[in-house]
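Notes for the structure review
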Amino acid sequence: MNKFPKDFLWGGASAANQFEGGYNEGGKALTISDVTSSGSHTRPREITWIVPKTGEKGSTKFAMGGKMEFPEGAIPCVLEGYYYPSHQATDFYHHYKEDIALMAEMGFKTFRMSIAWSRIYPDLESETPNEEGLKFYEDVFKELKKYDIEPLVTLSHFEIPVDLAVKYGGWANRKVVDLFVKYATTVLKRYKGLVKYWLTFNEINMMEHLQALSIGVLDVTPQKKADAALHQFLASALTVKKAHEISDDYQVGMMLAYQPLYAETCDPKDQLFVLNKLQRQFLWYSDVQVGGEYPNYKLKEYEREGIQLNAQEGDLDLLKKYACDFLSFSCYGSSVFTTHNNFIESGGGNAVRGKKNPYLEANAWGWETDPHCIRIALNTLYDRYHKPLWIVENGIGWEDKLEEDGTIHDSYRIDYLRHNVKSMSDAINIDGIPLMGYTMWGCIDLVSAGTGEMKKRYGFVYVDMDDEGNGTLNRYKKDSFYWYKKCIASDGKDLD
Ligand code: BG6
């Protein structure tokens, strides 16, 4: 029988750039997401730019893991002839009351959302924050409070201000740490009493794959990536410090994109390969942010590759002293790897892509449903850190069909979630893992980060909008809406 603690934080998750819209309202400045066009499963998204000196205009394709090339002097900007899904997204900016009421109807205890930095400090250097931006989030938090829904707030979720990339060269520049801490301090002070749980950087390890969206570095090199990582770690540690000074109630988590990796064969070379990949693409980030130290295997890698750890006096102490209070992570599935030369990347997934797993089924984007990935992930992370865990993203993208009578029959989503709820329950009850909560990704349909599509839907609630932004934006409850409501009301027992 499934069992969850009474205070388990059931809910859903979102991010400003994929959900909020209102991209140029309320004094907000442009972010890298706002200059990122839509794409599809087979057509990469593109960042559009202009070179002011020559007037040249163009776009650069997303390169997962690879380097994105921008011409010298290129400034990311909005160009005519492109569609930018973040501009309207699914318009939480104007629908937040209706959306929060739907969350309350499902019985949400928590809602994960992000603050767009560029709404709070459209001018990064200003000493005065933008009151309209602050007020918007205050209204949202008050609305959530009305229904006893605890916000879980990400400070940076792929919302890099364009100015940060252009004027500072993104997170590779140490000055950005102070700018971020100023922003974080402003919101930590302003929302005291309204918010309790904070996350610093969404999927911090996605900087391995998405240089512009995650760190705003357009001309990335291995050294700049190492600097950007150090600077985000420092900014996160200083945010933990500030948060604890401002309120005893505050808890600040890190957020890791995580997925179990399976070796395809029992060849020890395959096992070692998977171990190394896990360390280098996932765990070294949490070793620093939760464990408080750069792990030896990472320092050795820097040494071998001639990369400097540009830490100044006191930096490493800061990382140790202000490690995050809890570890939150996304987990959508798992990946398979082998060192044998028949390896071809044929599986899907958000962080790393391996081979197709013959034991699992996949959706149209190649993302596989692994009924045990959550339990495996929870065990690996708890064994390593002994800190409370929170699953802040999990879900399945699917092309749902809105029937004429306004219903949506998403049994595939219910099946996927049922496995995952069972997996969490086993981790809690059989393995004794302290799991704080679960926020299903994209609880109300929003735009896909990877493809910019609308048709890759995750929600319990369908939003009437297509891949070009056409539609009424009306909200419709899917079958999974009623299923999740029952699941929450029964503390995870009723999963039929
Ligand atoms: C995570 C991100 O990587 O995966 C989200 O934090 C994203 O922003 C989610 O939306 C699902 O990925 P996608 O590409 O299907 O939107």
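Residues numbered from 1 in each chain as written. Predicted model: local features only at pLDDT ≥ 70, side-chain atom pairs only at ≥ 80, totals over all residues. Heavy atoms only, no water.

Let us now look at the sheet that holds strand β4 (residues 75–76). Here we have 3 strands laid out as an open sheet, ordered β3-β2-β4, and antiparallel in their pairing. With one partner strand each, in any of the chains shown, β3 (56–61) and β4 form the two edges of the open sheet. Looking at chain direction, strand β2 (residues 46–51) and β4 are connected through 2 bridges and run antiparallel. Within β4, the position partnered with Trp49 by the bridge is Pro76. (Pairing = 2+ DSSP bridges. Helix = DSSP H or I, 4+ residues; strand = E, 2+ residues; numbered from the N terminus.)

Below, the discussion takes up the side chain of Ser14. Here Ser14 lies in the loop between β1 (9–13) and α1 (16–19). On the basis of relative accessibility, which here comes to 2%, the residue Ser14 falls in the buried class. Residues within four places of Ser14 in sequence aside, it is in contact with Phe19, Phe111, Arg112, Met113, Ser114, His157, Trp441 and Leu446. (Buried < 20%, exposed > 50% of the residue type's maximum accessible area, 1.4 Å probe, protein only. Contact = heavy atoms within 4.5 Å.)

Next up on the list: the packing of aromatic side chains. One pass over the structure, following the stated rule, counts 41 aromatic pairs. Aromatic side chains Tyr197 and Trp390 sit 5.1 Å apart centroid to centroid with 85° between the ring planes, which places their arrangement in the edge-to-face category. Of this pair, Tyr197 sits in strand β7 (residues 197–201) while Trp390 sits in strand β14 (residues 389–393); the two residues are 193 residues apart in sequence, bridging distant segments of the chain. An aromatic cluster is defined as three or more aromatic residues linked by ring pairs; in this entry it consists of Phe4, Phe8, Trp10, Phe108, Phe460, Trp483 and Tyr484. The lysine or arginine in question, Lys456, covers the ring of Trp367, its NZ or CZ lying 3.8 Å from the ring centre. Its end group placed over the ring of Tyr462, Arg457 keeps NZ or CZ at 3.9 Å from the ring centre. (Phe/Tyr/Trp six-rings, centres within 6.5 Å; stacked < 30°, edge-to-face > 60°. Lys NZ or Arg CZ within 6 Å of the ring centre and 35° of its normal.)

Geometric values such as these leave the question of function open.
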